[in-house]
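Here are the chains, one letter per residue:
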Amino acid sequence: MEEKYTLAIFLRSRWASVACALVALVLLWFSAGFLGVSDDGRMMLAGLAGFLLAMGYGADYLRQRAFYRQLLDACRNMQGPSQLSAWVQEPEFPEGRIAFQLLERMESQAIAQISQVQRQSQDYRSYIELWVHETKMPLAAAQLIAQRLQGADKLEIARQLDRLQGQVDQALYYARSTSLTNDYVIRSLPLAAVCREAVKRNARLLIEQGVAPQVKVDGDVVVQSDEPWLLFILGQLLTNAAQYGAKTVVLSSKEVEPGTPRGHTRLEVRDDGWGIPAQDVPRVFERGFTGGNGRSRGGATGMGLYLIAMMAERMGIGVQVASEEGAGTRFLLDFPHS
């Protein structure tokens, strides 16, 4: 709970000078009487001295109160340390100037540290993107070579290369999703076409796992999103369904509260896989959380659903999960109409 700078606080901070002023008034009273000044004269002198002291303390209090009010307003409203100078003006009293100079120095150091972190983040992101670019070329070559192979190992090698491709894409999208700049472009997309493309890109895994995908989205349904990011999200959901026991995955859409400010298009990705244990459902979007299914299966990183939640939030898409262990899982993606 924040404390306001009241007159009582001001006087307590100056108790020594206030006590000395009161002693001085008492001495003035008795000294004037000793010098033969009448009671009315002493009253007038003491009143005048008390008035001047009160005026001095009052002016000092008002100046300090204005400064501390600015500090409190800055703490409540500013979004970062770089905005301090926009909220607080340098005061006139000495203690305030010292505090203001210290705050300015802290602001400069904070801005320098933020700039350094931003540069490091940008350098790291650039390195990841370069690494992904360099990795994709030999990976694509290996996939072409695998297509010419014969025998039982061909499918296994192709599956492992697809898995490696998925991990490389995940690293790229993670680096982009944590960037301070926007690496996505929101535009109108035909939802059915995007869903079919996501199924096509993951066809090998779905076929190998015996998963039958169904796209039940009308061709005229349009949503606002970034196509590469949305394809990545749908790819992660399809991959998870295939890896966790699903034999059927259905992608369907419907309009929710059309014609209202809350109107949106809901895309449902429903599978009949193992389902998620009830105690794991609230945590599935946490970074690095693998849950009981991930630990029993092995190889899970806990990053796929975390990236889905992060990317959906950046694009303004709502994401929800509903699951029952042994009965499958439903992921809901809500695309606002506005």
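All chains use their own residue numbering, which begins from 1 and follows the written sequence. In view of the model being predicted, local features appear only for residues whose pLDDT reaches at least 70, and side-chain atom pairs are presented and counted only at 80 or more, with totals across whole chains, interfaces and linings using the full set of residues. In computing side-chain properties, one takes all heavy atoms of the structure into account and sets aside hydrogens as well as water.

Novice: When you look at the packing of aromatic side chains in this model, what are you seeing that I'm missing?
Specialist: What characterises a pair of aromatic rings is the spacing of the ring centres plus the angle enclosed by the ring planes. Two rings from Phe, Tyr or Trp (for Trp, the six-membered ring) form a pair when their centres are within 6.5 Å of each other. A pair whose planes differ by under 30 degrees is stacked, one over 60 is edge-to-face, and the rest are tilted. Under the criterion given, the structure shown has two aromatic pairs. When the centroid spacing of 5.8 Å and the interplanar angle of 75° are considered together, the rings of Y244 and W274 count as edge-to-face. Here Y244, found in the loop between α9 (227-243) and β4 (248-256), pairs with W274, found in the loop between β5 (264-271) and α10 (291-297); they are 30 residues apart in sequence, far enough to count as distant. Residue class for Y244 comes out buried when judged on its relative accessible area of 18%. With a centroid separation of 6.4 Å and 70° between ring planes, the pair formed by F285 and F331 is classed as edge-to-face. Starting at the N terminus, helices and strands are each numbered in turn, a helix being any DSSP run of H or I of at least four residues and a strand any DSSP run of E of at least two. Note on exposure labels: buried denotes an accessible area under 20% of the residue type's maximum, exposed denotes more than 50%, and partly exposed covers the range between, all computed with a 1.4 Å probe on protein chains only.

Novice: How should I be thinking about the pattern of salt bridges in this particular structure?
Specialist: Side-chain pairing between opposite charges can occur once the charged atoms of the two side chains come close. By definition, a salt bridge exists where a carboxyl oxygen of Asp or Glu is found within 4 Å of a side-chain nitrogen of Lys or Arg. Within this structure, the stated rule accounts for eight salt bridges. Residue R201 pairs with E197 through a salt bridge whose shortest N-O separation is 3.0 Å. In this pair, R201 and E197 both sit in helix α7 (residues 191-201), four residues apart, roughly one turn of the helix. Residue classification places E197 among the partly exposed positions, given a relative accessible area of 27%. One salt bridge connects R262 with E257, and the closest N-O pair in it is separated by 3.0 Å. Take R262: its relative accessible area is 57%, and that puts it in the exposed class. Its relative accessible area of 34% is what places E257 among the partly exposed residues. Beyond isolated ion pairs, a larger network of salt bridges with shared partners links E268, R270 and R330.

Novice: What is the right way to look at the nonpolar core in this model?
Specialist: Nonpolar side chains tend toward joint burial in soluble globular proteins. We define a nonpolar core as any set of buried Ala, Val, Leu, Ile, Met, Phe, Trp, Tyr and Cys residues linked to one another through side-chain atoms lying within 4.5 Å. With 48 residues, the main nonpolar core has L191, L234, V249, L251, L267 and V269 as its most contacted residues. Sorting the residues of this core by element identifies α6 (153-177), α7, α8 (203-208), α9, β4, β5, α11 (304-315) and β7 (328-336) as the ones contributing at least two each. Among residues more than four places away in sequence, those in contact with V249 are V211, A212, P213, Q214, L238, A241, V269, R270 and D271. Counting residues in hydrophobic clusters, the runner-up holds five residues, among them I128, V132, V168 and A175. Here, two residues are considered to be in contact whenever any of their heavy atoms come within 4.5 Å of each other.

Novice: Would you explain unusual backbone geometry in this entry?
Specialist: Both trends apply: most residues other than glycine have a negative phi, and most peptide bonds are in trans. Of note in this structure, E257 is not a glycine but carries a positive phi near 50°. By secondary structure assignment, the location of E257 is in the loop between β4 and β5.

Novice: Help me out: how do you make sense of α9 in this one?
Specialist: Each residue after the first adds 1.5 Å to the expected span of a helix. Over its 17 residues, α9 runs 24 Å from end to end, which matches the ideal 24 Å to within 8%, given 1.5 Å per residue. A 3.5 Å cut-off defines polar contacts: any pair of N or O atoms within that distance qualifies, except that in protein one atom must be a possible hydrogen donor and the other a possible acceptor, and neighbouring residues in sequence count only when both atoms are side-chain atoms. For α9, the N-terminal capping position is held by D226, with its side-chain oxygen 3.0 Å away from the main-chain nitrogen of W229. A positive backbone phi angle near 85° is found at G245, which sits one or two residues after α9.

Novice: Is there a simple way to think about the pairing of strand β6 (residues 318-324) in this case?
Specialist: Two elements, β6 and β7, share seven bridges in a ladder whose sense is antiparallel. In the strand pairing of β7, V319 is matched with L333. Strand pairing follows a simple DSSP-based rule, namely that at least 2 bridges must link the two strands. Between the antiparallel neighbours β6 and β7 lie three residues, among them G326 with a positive phi of about 85°.

Novice: What's the story with the side chain of T329 in this structure? I'm lost.
Specialist: Here T329 shows up in strand β7. For T329, the residues in contact, after removing those within four places along its chain, are V269, R270, D271, G275, I276, V321, A322 and S323.

Novice: Sorry, what's going on with the packing of α7 against α9 here?
Specialist: When two helices pack together, their arrangement is given by the angle between the helix axes and by the axis-to-axis distance. What counts as an axis is a line fitted to C-alpha atoms, over the stretch in contact for a helix, and the angles between N-to-C directions run from 0 to 180 degrees. At their nearest, the axes of α7 and α9 sit 9 Å apart, and the two run at 55° to each other. Between α7 and α9, the interaxial angle falls into the category oblique. Crossing angle aside, the handedness with which α7 passes α9 is right-handed. Contacts from L191, V194, C195, E197, A198, V199 and R201 in α7 reach L230, L231, L234 and L238 in α9. For the contact of α7 with α9, a count of residues per class yields nine nonpolar, no polar and two charged. Angle categories are assigned with fixed cut-offs, so that under 35 degrees is roughly parallel, over 145 is roughly antiparallel, 65 to 115 is roughly perpendicular, and the rest are oblique. It is the rotation of the near helix from the far one that decides the hand of a crossing: anticlockwise by less than a right angle makes it left-handed, clockwise makes it right-handed. In this classification, the charged set is Asp, Glu, Lys and Arg, the nonpolar set is Ala, Val, Leu, Ile, Met, Phe, Trp, Tyr, Cys and Pro, and all remaining amino acids, among them Gly, are polar.

Novice: Please explain the confidence of the model for the protein chain as it appears in this structure.
Specialist: Predicted coordinates in regions of low pLDDT should not be interpreted in detail. Per-residue confidence from the predictor is reported as pLDDT, a score between 0 and 100. Mean pLDDT over the protein chain works out to 82, with 89% of the residues at or above the 70 mark. Within the protein chain, β5 carries the highest mean pLDDT (96), whereas helix α4 (residues 84-87) carries the lowest (62).

Novice: Could you clarify how one ought to interpret the packing of α6 against α11 in this entry?
Specialist: Their axes nearest at 10 Å, the elements α6 and α11 cross at an angle of 40°. As far as their axial angle goes, α11 and α6 are oblique. As α6 packs across α11, the resulting crossing turns out to be left-handed. Contacts from Q170, Y173, Y174, R176 and S177 in α6 reach G304, Y306, L307, M310, M311 and R314 in α11. Grouping the amino acids of the contact of α6 with α11 by side-chain chemistry returns six nonpolar, three polar and two charged.

Novice: Help me understand the sheet that holds β5 in this model?
Specialist: Ordered by their spatial adjacency, five strands build an open sheet running β2-β4-β5-β7-β6, and the pairing between neighbours is mixed. The sheet is open, and its two borders are formed by β2 (212-216) and β6, each paired with just one other strand. The sheet shows a mean angle of 15° between the axes of neighbouring strands, taken without regard to direction. Across eight bridges, β5 lies against β7 in antiparallel orientation. Each residue of the ladder has a partner; that of R266, found in β7, is D334. Packed on one face of the sheet, α7 meets β2, β4 and β5 and runs near 170° to β2.

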